[in-house]
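# An overview of the molecular structure
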Amino acid sequence: ALATLVDPAGNDPAKAILAAAGQGGADVVLEMSGAPAAIRLGLKVVRSGGRLTAFGIPPGTLDIDWAGDVVFKGIRIYGVAGREIFQTWYTMDRLLRTGAIDVRPVITHTYKAKDFARAFATMASKSSRR
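This text gives an overview of the structure that appears in the document.

### Overview of the pattern of salt bridges
- Across all of its chains, the model carries five salt bridges by this definition.
- Notably, a salt bridge pairs Arg47 with Asp27, separated by 2.6 Å at the nearest N-O pair. One end of the pair, Arg47, is in strand 2 (residues 46-54); the other, Asp27, is in strand 1 (residues 26-31), with 20 residues separating them in the sequence.
- Arg47 gets classed as partly exposed once you look at its relative accessible area, which sits at 26%.
- Residue classification places Asp27 among the partly exposed residues on the basis of a relative accessible area of 48%.
- As a salt-bridge pair, Asp93 and Arg97 come within 2.9 Å of each other at their nearest N and O atoms. Of this pair, Asp93 and Arg97 are both found in helix 4 (residues 84-98), four residues apart, which corresponds to roughly one turn of the helix.
- Residue classification places Asp93 among the partly exposed positions, given a relative accessible area of 35%.
- The class for Arg97 is exposed, based on a relative accessible area of 69%.

As structure tokens, this is what we get:
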């Protein structure tokens with residue numbers, strides 16, 4: 001299994017994802033932000049017959065290409081809620097512990113728990129971007 005992190009602020013994240021995934025797109029997309037742009041991106045890059053697991057909650061109604069990105073591609077969309085979330089956490093823990101996913105390239109700052117106020121201030125300032 002190949003896991004790839006892509007900077008969404010890059011020039012063309014869909015192109016980067018498709019290049020990394022090959023063979024028509026990603027087998028599985030895990031959308032956890034709820035950001036409308038990320039959801040649309042996930043639908044674009046999942047391969048025909050692939051699966052999009054939706055965990056993020058969008059701020060409102062979405063405008064998506066239902067026919068082109070869902071029906072004609074024959075994808076499965078799986079919503080994760082309630083007790084299902086724990087399995088997702090266990091899976092992510094395993095991926096991180098085994099090194100299948102390396103998130104170090106996207107970590108810009110680290111803080112001790114007692115410095116949470118400073119951490120949230122950094123996040124709010126958007127200075128955490130590379």
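Read on, since the account is not over.
### Notes on the side chain of Thr122
- Among the structural elements, Thr122 can be located in helix 5 (residues 116-125).
- Residue Thr122 is classed as buried on the basis of its relative accessible area of 13%.
- At 2.6 Å, the side chain of Thr122 and the side chain of Tyr111 are in polar contact.

### What about the sheet that holds strand 3 (residues 76-79)?
- If you trace the three strands from one edge of the open sheet to the other, you get 1-2-3, paired in parallel fashion. Each edge of the open sheet carries a strand with a single partner, namely strand 1 and strand 3. If you compare each strand with its neighbour and ignore which way they point, the axes differ by 15° on average.
- Strand direction decides the pairing type here: strand 1 and strand 2, joined by five bridges, are parallel. Looking at the pairing, Val28 lines up with Arg51 of strand 2.

Reading guide: rules and limits
- Residues numbered from 1 in each chain as written.
- Predicted model: local features only at pLDDT ≥ 70, side-chain atom pairs only at ≥ 80, totals over all residues.
- Heavy atoms only, no water.
- Salt bridge = Lys/Arg side-chain N within 4 Å of Asp/Glu carboxyl O.
- Helix = DSSP H or I, 4+ residues; strand = E, 2+ residues; numbered from the N terminus.
- Buried < 20%, exposed > 50% of the residue type's maximum accessible area, 1.4 Å probe, protein only.
- Polar contact = N/O pair within 3.5 Å; in protein donor to acceptor, adjacent residues only side chain to side chain.
- Pairing = 2+ DSSP bridges.
- Axes fitted to C-alpha atoms, helices over the stretch in contact; angles between N-to-C directions.

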